[in-house]
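Report on the structure
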Amino acid sequence: MSAAVRARLVQTLERLAREVYLDAAGEPVAVVELPNLLEAVRRLRDDPGLACDYLSFVSAQDLSPRVPRFDAIYQFYSLSKHHWLRLRVPVADGEAVPTLCGLYRTAGWHECETYDLFGIPFAGHPNLRRILLTERWHGHPLRKEYDARLEPVWPLGTDVLQNLADEALAGRAGGNGEDPARRIVLNMGPQHPATHGVLRLALELDGENIVDCVPHIGYLHTGIEKLSEVHNWTQNITHYPRMDYLSPMNNELAYCLAVERLLGLEVPKRAQYIRVLMSELTRIISHLVWLGTHAMDIGAMTVFLYTFAEREKILEMYERVGGQRMMTAYMRIGGVQADLPGGFPEVVRAWAKEFPRQLSIYHGLLTKNPIWRQRTMGVGVLDREQSINYGLSGPLARAVGIDWDLRRDNPYSSYEEFNFDIPVEPHGDIYSRYLVRMEEMVQAHRIVLQALDKIAQTAPGTYIADDYKKAPVPRSVVNRSIEELIHHFKYWTEGILVPAGEAYGFIEASKGELGFFVVSDGSAKPQRVKVRGPSFVNLSALPEMVKGHLIADVVAVIGSIDIVLGEVDR
Amino acid sequence: MGGRGVTGRGGTVAERFRLGESSALVTSLNKFLGWFQANSIWPLTSGLACCAIEMMSASASRFDIARFGSEVFRASPRQSDLLIVSGRLSWKMAPVLRELYDQMPFPKWVISMGACASCGGVFTTYAIVHGVDHILPVDIYVPGCPPRPEALLDALIKLQRRIKSGSYISPTVREGRR
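To keep things clear, this report deals only with the structure shown in the data block. Just so it is clear, the structure is predicted and the values come from calculations on it, not from any experiment. (Residues numbered from 1 in each chain as written. Chains lettered and ligands numbered in written order. Predicted model: local features only at pLDDT ≥ 70, side-chain atom pairs only at ≥ 80, totals over all residues. Heavy atoms only, no water.)

**Points about the interface of chain B and chain A**
Contacts between the two partners involve 40 residues from chain B and, on the opposite side, 53 residues from chain A. Of the roughly 4,000 Å² buried between chain B and chain A on both sides combined, carbon and sulfur atoms contribute 65%. Considering only the surface of chain B that becomes buried against chain A, B:W91, B:K92 and B:Y126 emerge as the three largest contributors, covering 23% of it. Here chain B and chain A share four salt bridges between them. Of the charged contacts, one joins A:E319 and B:R148 as a salt bridge, the two residues approaching to 2.5 Å between their closest N and O atoms. (Contact = heavy atoms within 4.5 Å. Buried area = accessible area lost by both parts, 1.4 Å probe. Salt bridge = Lys/Arg side-chain N within 4 Å of Asp/Glu carboxyl O.)

**Regarding the pairing of strand 13 (residues 501-509) of chain A**
All names here are of chain A. Within strand 13, eight of the nine residues are buried, which leaves the element mostly enclosed by the surrounding structure. Where strand 13 meets strand 14 (residues 512-520), nine bridges bridge the pair, whose relative direction is antiparallel. Note that in strand 14 the partner of A509 across the bridge is G512. What sits between the antiparallel neighbours strand 13 and strand 14 is a turn of two residues. (Buried < 20%, exposed > 50% of the residue type's maximum accessible area, 1.4 Å probe, protein only. Helix = DSSP H or I, 4+ residues; strand = E, 2+ residues; numbered from the N terminus. Pairing = 2+ DSSP bridges.)

**Structural notes on the sheet that holds strand 8 (residues 183-188) of chain A**
All names here are of chain A. Ordered by their spatial adjacency, three strands build an open sheet running 8-9-10, and the pairing between neighbours is antiparallel. The sheet is open, and its two edges are formed by strand 8 and strand 10 (209-216), each paired on a single side. When the angles between neighbouring strand axes are averaged without regard to direction, this sheet yields 20 degrees. As defined by bridge partners, strand 9 (residues 200-206) adjoins strand 10 across seven bridges and the pair is classed as antiparallel. Bridge pairing in strand 10 places L203 opposite C213. Across the sheet, helix 19 (residues 551-561) is in contact with strand 8, strand 9 and strand 10; its angle to strand 9 comes to roughly 145 degrees. (Axes fitted to C-alpha atoms, helices over the stretch in contact; angles between N-to-C directions.)

**Points about the sheet that holds strand 14 of chain A**
Residue and element names in this part refer to chain A. If you walk across this open sheet you meet the three strands as 13-14-15, and the pairing is antiparallel. On the outer flanks of this sheet lie strand 13 and strand 15 (526-532), each paired with one strand and no other. Geometrically, the sheet is characterised by an average inter-axis angle of 15 degrees between neighbouring strands, direction not taken into account. Its contacts with the sheet put helix 6 (residues 248-263) on strand 13 and strand 14, and the angle it makes with strand 13 is roughly 150 degrees.

**Things to note about the packing of helix 7 (residues 269-298) of chain A against helix 8 (residues 301-322) of chain A**
Residues and elements named next belong to chain A. As a packed pair, helix 7 and helix 8 sit with axes 8 Å apart at the nearest point and diverge in direction by 155 degrees. By the angle between their axes, helix 7 is roughly antiparallel relative to helix 8. For helix 7 against helix 8, the interelement crossing comes out left-handed. Residues M278, L281, T282, I284, I285, L288, V289, L291, G292, A295 and M296 of helix 7 pack against M301, V303, F304, T307, F308, E310, R311, I314, L315, M317, Y318 and V321 of helix 8. Taken together, the residues of the contact of helix 7 with helix 8 break down into 18 nonpolar, three polar and two charged. (Parallel < 35°, antiparallel > 145°, perpendicular 65-115°, else oblique. Left-handed = near helix turned anticlockwise from the far one by under 90°. Nonpolar A, V, L, I, M, F, W, Y, C, P; charged D, E, K, R; others polar.)

**Remarks on the nonpolar core**
In this structure, A:Y74, A:F76, A:L277 and A:M278 are the most contacted members of the largest nonpolar core, which totals 196 residues. Considering each element in turn, this core owes the most residues, 14 residues, to helix 7 of chain A. With sequence-adjacent residues up to four places away left out, A:F76 is seen in contact with A:V41, A:L44, A:C52, A:Y54, A:L55, A:S56, A:H83, A:W84, A:L85, A:L87, A:L100 and A:Y104. The next biggest cluster of nonpolar side chains, apart from the first, holds 20 residues, and it includes B:I41, B:C51, B:F63 and B:I163. (Core = buried A, V, L, I, M, F, W, Y, C linked by side-chain atoms within 4.5 Å.)

**Observations regarding the packing of helix 1 (residues 2-13) of chain A against helix 2 (residues 37-46) of chain A**
If you want to describe how two helices pack, look at the angle between their axes and the distance between the axes. Residues and elements named next belong to chain A. Two elements in contact, helix 1 and helix 2, have axes separated by 10 Å at closest approach and are oriented at 130 degrees. Overall, the two elements helix 1 and helix 2 adopt an arrangement that is oblique. Note that helix 1 runs across helix 2; the crossing there is right-handed. Across the interface between the two elements, L9, T12 and L13 of helix 1 pack against A40, R43 and L44 of helix 2. In terms of residue class, the contact of helix 1 with helix 2 is built from four nonpolar, one polar and one charged.

**Quick look at unusual backbone geometry**
In the segment running from A:S64 into A:P65, the intervening peptide bond is cis, with an omega of 15 degrees. With an omega dihedral of -5 degrees, the bond running from A:V67 to A:P68 counts as a cis peptide bond. The phi dihedral of A:S414 falls on the positive side, at around 65 degrees, and the residue is not glycine. Examined against the element boundaries, A:S414 turns out to sit in the loop between helix 13 (406-409) and helix 14 (430-456). On the accessibility criterion, A:S414 (4% relative accessible area) is buried. Even without being glycine, B:D64 reaches a positive phi, approximately 50 degrees. Inspection of the secondary structure assignment puts B:D64 in the loop between helix 4 (50-59) and strand 1 (82-86).

**Regarding helix 9 (residues 344-366) of chain A**
Residues and elements named next belong to chain A. Taking 1.5 Å of rise per residue, 23 residues should cover 33 Å, and helix 9 covers 32 Å from first to last C-alpha, within 8% of that figure. Remark: the principal bend of helix 9, roughly 30 degrees, maps to F355, with a proline, P356, within the next four residues. Restricting attention to buried positions, one finds in helix 9 the residues F344, V348, W351, A352, F355, Q358, L359, Y362 and L366. Each element contacted by the buried residues of helix 9 is listed here: helix 7, helix 8, helix 10 (370-376) and helix 14. (Expected span 1.5 Å × (residues − 1). Bend = angle between axes of the 7 residues up to and from the residue.)

**Observations regarding the environment of A:A295**
Residue and element names in this part refer to chain A. Mapped onto the elements of the fold, A295 is located in helix 7. A295 sits in the buried class, given a relative accessible area of 0%. Considering only alpha carbons, one finds A295 and M377, 82 residues apart in sequence, at a separation of 14 Å. Ignoring any residue separated from it by four or fewer positions in sequence, one finds A295 in contact with A300, V303, L366 and W372.

**Re the environment of A:L199**
Residues and elements named next belong to chain A. Residue position: L199 is located in the loop between strand 8 and strand 9. In sequence terms L199 and H216 are 17 residues apart; their C-alpha atoms lie 6.6 Å from each other. Excluding residues within four positions of it along the chain, L199 makes contact with M188, G189, P190, P215, H216, I217, L539, I558, I563 and L565.

**Regarding the pairing of strand 1 of chain B**
All names here are of chain B. Among the five residues in strand 1, five count as buried, and that is most of the element. What you see with strand 1 is no split at all: L82, I84 and S86 on one side and L83 and V85 on the other are buried throughout. Relative to strand 2 (residues 109-113), strand 1 runs parallel, the two being bridged by five bridges. Along strand 2, the bridge assignment pairs I84 with I111. In terms of handedness, the path from strand 1 via helix 5 (residues 94-103) over to strand 2 forms a crossover that is right-handed. (Right-handed = clockwise from strand over helix to strand, strands pointing away.)

Shown next, in the form of structure tokens:
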């Protein structure tokens, strides 16, 4: 398919593209000069053969000492044709890039992030601000000369609260002509029980109605992307479960898939099925936390106690396979860290037998509950066109009738061998999102059972690729010969040398499209790791969802987006 | 009520009130108050990162922090006496957290939960405060990434033991009230 997409791309862009090539994963990449960017993107979107209606992310890469220094990177996807496509635009230091906000609303936050971390300005952007760091932060962290371990100077100045107030509505778009004296500005967060972490919202109110909402993020900015350039390819696995800490193994999986694509590494079937098994269990624990906290925000405390009790059972399985309740680093490049322990399938089956009953309890508590329905039905609606334009993915997109799931449409890790349905709801309100996620748990439960059957048919012990230049040597093999001992030593001291190139690894995580864009320069450390977190993109649509609603609805809408600030801020 | 820690050398507190042993009352009262405080520590609802999820697990059914009198997580710092710094603290968040701490009434305690809060953990980056003790006085550090809920409960019990002793001076007091 990718060759056909490439041919079409060459034909569509004509002379606008300086070069078109296929990346390590076989996805087409076009290099476009800066003045041609807008025209090229317009053609990608409008050409019926490419139909790139979905902008996955905007980012950049520092290629110094090359001149021009940066490459702005745009990743596109077609929701109808299901193909990926990337644009690279060389940009000199200080040169302004035209904004894509007019074509894709989702570009807004991505461009802010690129500006913040690289210092690339975007011309025509309605509200270009430092979204992750503070306005007074010195330097741009993802530039190569910036020291990852730099101790910052106090970035906020002395009068912190005053700064917070100044910042609050700095990002507000122009008023709509009404009397501003009626308006008050309410600060919500970063310490607020309903913001699921350290999200901060500046709400502009008319009475109790929300006129405008500006999310301020970055209160959990960790610099994971910068840190990825310091550690080697294997060590990096450690950081990612700490991003979306509600679905740790999903993050590990997406990263490993991306690196495996760069390496061209084939993963044994057993490892693939184990990955499917664990990532579906992960989907369930993530949804359980979402359900418990979402219901608690709206006032139903009991659900929280039920779902967390159920979650404990799966965390126990995590402990069995990975030795830790949350941050397992179980997925490894080339497979998984160890084979499933003895008796594990029985444990999962015993749990799986009980789980449908638990689900019916949750349904009994909420689905027909009149308070729940009144709080969620018709609230936070985003229509289909807007959702695509905002780059929404996962349950949020499926709740507004976008029938798209990467597990089915671009299968990875042998998902094509599994039978499962994809729930789609038409209304796009909080209740639809609730129904979609509830049904996803049912489907995940189905996949778990199938994965157990498939694992049973594979040979035990084949949990990691046996190409020991690229994958860790199992302990049982290390002492067999001097070559394996050398491989073992090289792997754990130097790390793996990943061939130069770029690849995009993506999965359908519990919150949507989770992608890792990785670039290697042939060394043991990544040149660039860009994380495309679904929470970041989904959250950027929050202002659109809450306008005209009441403050209490904001709490409900945030719960329905299912954000994790660790992933939003990275 | 009872318990040796509360009653001191002899008789119940009530008896000693009757006897008018005012000289002994001062130390007893400290212990008496400590006993109250230790069994009703109200933590602030301030989750930062991964550890916050384990903090929630600690308050949910399996680990049930209510057994130790701390299930009342308060959303307002004015109503809480324990700040559990659960997760990595960024420089952007640091002034906010300090503000929250300053808003808490005395006496107040701080548990630094997890490797990131205690020293930065794996995240030795420009964005992260390498240990919350740069900005707050910490009473108890809990190791782990993230610590198991049992570890958090253990920290809570240790803090209770210190408070119950009646002679425990929080680092807050040592460094002088701001």
